[in-house]
Structure formats: structure tokens, C-alpha cells
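# Results of the structural survey
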Amino acid sequence: MFPGDLQARRAAASKNCLKSSARWTIMMATLHKAPRGLAPYPSPWEEPALRKIRESAENYLETILILQERNGSVRSIDIAAELEFSKPSVSVAMKNLRESGCVTVDGDGIISLTPQGRQIAEGVYERHLLFTKWLVSLGVDQEVASEDACRIEHVISEESFRAIQRHVNARE
């Protein structure tokens with residue numbers, strides 16, 4: 001489980017991340033069914049529009065992970081309430097994540113992460129926590145650090161992330 005106050009800060013940061021990439025559903029419709037599945041880090045997607053889609057998808061997956069840990073089960077309405085998005089917008093996003101193999105939705109509307117979706121969500125969440133911790137240790141305000149971490153977590157390579165992780169962990 002995630003610590004309570006950290007959950008609240010992470011939920012607020014996740015909400016801000018998704019608001020900054022709310023055009024995801026429009027872009028997904030424009031690009032039709034691309035992309036099919038999200039590749040592991042480092043991202044092979046060089047095109048800015050595709051990077052934006054990936055960021056939004058990762059934020060949705062991360063939100064699902066947090067809600068599952070907090071509530072046990074997740075429905076579209078829970079995601080919509082958490083992120084303050086309309087239910088139709090979340091439904092479109094869930095359809096796209098379902099088609100990309102990242103989530104499943106059962107007959108009762110319960111959303112679950114697939115192994116691929118969980119791997120992505122946990123990776124993004126791990127990055128977020130590390131970058132937030134690192135920035136706070138440098139004197140950055142907690143809220144600013146969390147928002148900045150949300151942006152960094154989507155664009156940094158695996159190699160750079162692991163190097164920063166080793167550095168931060170060595171200082172503890």
C-alpha cells in the first residue's frame with residue numbers, strides 16, 4: 001500500500017499530469033488505433049505527438065494502479081472522479097488502453113491492469129517517487145517536485161533513470 005499523504009500528493013500530481021495531456025483521446029482518434037501496445041523503456045517513439053499519447057496512457061495506468069491499491073477495484077467512474085475528467089473521456093481512454101493490451105474490463109465494469117499494463121504503471125510510479133524524492137532533497141517544494149517528476153518520468157531513458165537511482169540511493 002502507498003502511504004496516505006503520499007497517495008494524496010500523487011493523486012494531485014497525476015491529475016495535473018493528465019490535465020496537461022488531455023488531448024490524448026483526440027489524438028488517439030486521429031491516429032486511429034496506433035499505438036498497439038506500449039513498448040518498454042527506452043521509448044522508441046520519437047515523434048512528439050506519439051510521445052504525448054504515451055505520456056497520457058502512462059498517467060492513466062499509473063492512476064489505475066494507485067486506485068487499485070487504495071480501493072481494491074477500479075471503474076471508469078472512479079478514474080473520472082479522481083482526475084476530474086468526464087466519464088466519456090475516460091471511457092475512450094479505457095477503450096484505447098484495452099485495445100493496446102494494457103487493461104481488461106470485466107462484465108461488471110471493473111478495470112484491471114494486464115501484466116503489461118502493471119509493468120508500465122509500476123515503472124512510471126517508481127520513477128515518479130524517485131524524482132520527487134530527489135528534487136525535494138535538492139530543496140524543491142514538494143508540490144513543485146511532484147509536478148516536475150510527472151513530466152520527467154515520461155521522457156528519461158532507462159539508462160539515465162538507473163544512474164540517477166543509484167546516485168540517490170547511494171546518498172541515503
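One numbering rule holds for all chains: residues counted from 1, following each sequence as written. pLDDT decides what is reported in this predicted model: residues at 70 or higher carry local features, side-chain atom pairs at 80 or more are listed and counted, and totals for whole chains, interfaces and linings draw on all residues regardless. Side-chain numbers here rest on the full set of heavy atoms in the structure, without hydrogens or water.

### Things to note about the packing of helix H6 (residues 115-137) against helix H7 (residues 142-152)
Packed helices, taken two at a time, are described by the angle between their axes plus the distance between the axes. In this description, a line fitted to the C-alpha atoms serves as the axis of each element, helices being fitted only across the stretch in contact, and the angle between N-to-C directions of two axes falls anywhere from 0 to 180 degrees. In this description a helix means any DSSP run of H or I spanning at least four residues, a strand means any run of E spanning at least two, and both kinds are numbered starting from the N terminus. Remark: H6 packs on H7, axes separated minimally by 8 Å, with the N-to-C direction vectors making an angle of 135°. Considered as vectors, H6 and H7 are oriented oblique to each other. The handedness of the crossing between H6 and H7 comes out as right-handed. Between H6 and H7, the contacting residues are His128, Phe131, Thr132, Leu135 and Val136 on the first element and Gln142, Ala145, Ser146, Asp148, Ala149, Cys150 and Ile152 on the second. Polarity classes work like this: nonpolar for Ala, Val, Leu, Ile, Met, Phe, Trp, Tyr, Cys and Pro, charged for Asp, Glu, Lys and Arg, and polar for all others, with Gly in that last group. Classifying every residue of the contact of H6 with H7 gives seven nonpolar, four polar and one charged. In what follows, roughly perpendicular refers to angles from 65 to 115 degrees, roughly parallel to angles under 35, roughly antiparallel to angles over 145, and oblique to any angle outside these ranges. Note on convention: near helix rotated counterclockwise from far helix by under a right angle means a left-handed crossing. Clockwise means right-handed. Whether two residues touch is decided by their heavy atoms; if any such pair falls within 4.5 Å, the residues are in contact.

### Here we look at the nonpolar core
What we call a nonpolar core is a set of buried Ala, Val, Leu, Ile, Met, Phe, Trp, Tyr and Cys residues that are connected through their side-chain atoms within 4.5 Å. Partly exposed residues are those whose accessible area sits between 20% and 50% of the maximum for their type, while under 20% is buried and over 50% is exposed, using a 1.4 Å probe and protein chains only. With 24 residues, the main nonpolar core has Tyr60, Leu61, Ile64, Ile79, Met94 and Leu97 as its most contacted residues. Of all the secondary-structure elements, those providing two or more residues to this core are helix H3 (48-71), helix H4 (76-83), helix H5 (87-99), strand S2 (111-113) and H6. The element that contributes the greatest number of residues to this core is H3, accounting for seven residues. Contacts of Met94, omitting those with residues within four sequence positions, involve Tyr60, Ile64, Ser76, Ile79, Val103 and Ile111. Counting residues in each nonpolar core, the second largest holds seven residues, with Leu130, Phe131, Ala149 and Phe161 among its members.

### Some thoughts on the packing of aromatic side chains
How two aromatic rings sit relative to each other is given by the distance of their centres and the angle of their planes. By convention, a stacked pair of Phe, Tyr or Trp rings (six-membered ring in the case of Trp) has centres within 6.5 Å and planes under 30 degrees apart, an edge-to-face pair has planes over 60 apart, and any other such pair is tilted. The final tally for this structure, using the stated rule, is two aromatic pairs. Considering the side-chain rings of Tyr60 and Phe85, the 6.2 Å spacing of their centres and the 70° angle between planes classify their relative orientation as edge-to-face. On the criterion of sequence distance, the pair formed by Tyr60 in helix H3 and Phe85 in the loop between H4 and H5 is long-range, its members being 25 residues apart. Each member of the pair, Tyr60 as well as Phe85, carries the same accessibility label: buried. For the pair Phe131 and Phe161, a centre-to-centre distance of 5.7 Å together with 70° between the ring planes defines the contact as edge-to-face. Of this pair, Phe131 sits in helix H6 while Phe161 sits in helix H8 (residues 158-171); the two residues are 30 residues apart in sequence, bridging distant segments of the chain. With respect to burial, Phe131 and Phe161 carry one shared label: buried. For a Lys NZ or an Arg CZ to count as sitting over a ring, it must be within 6 Å of the ring centre and within 35 degrees of the ring normal. The ring centre of Phe161 lies 4.8 Å from the NZ or CZ of Arg127, which sits over that ring.

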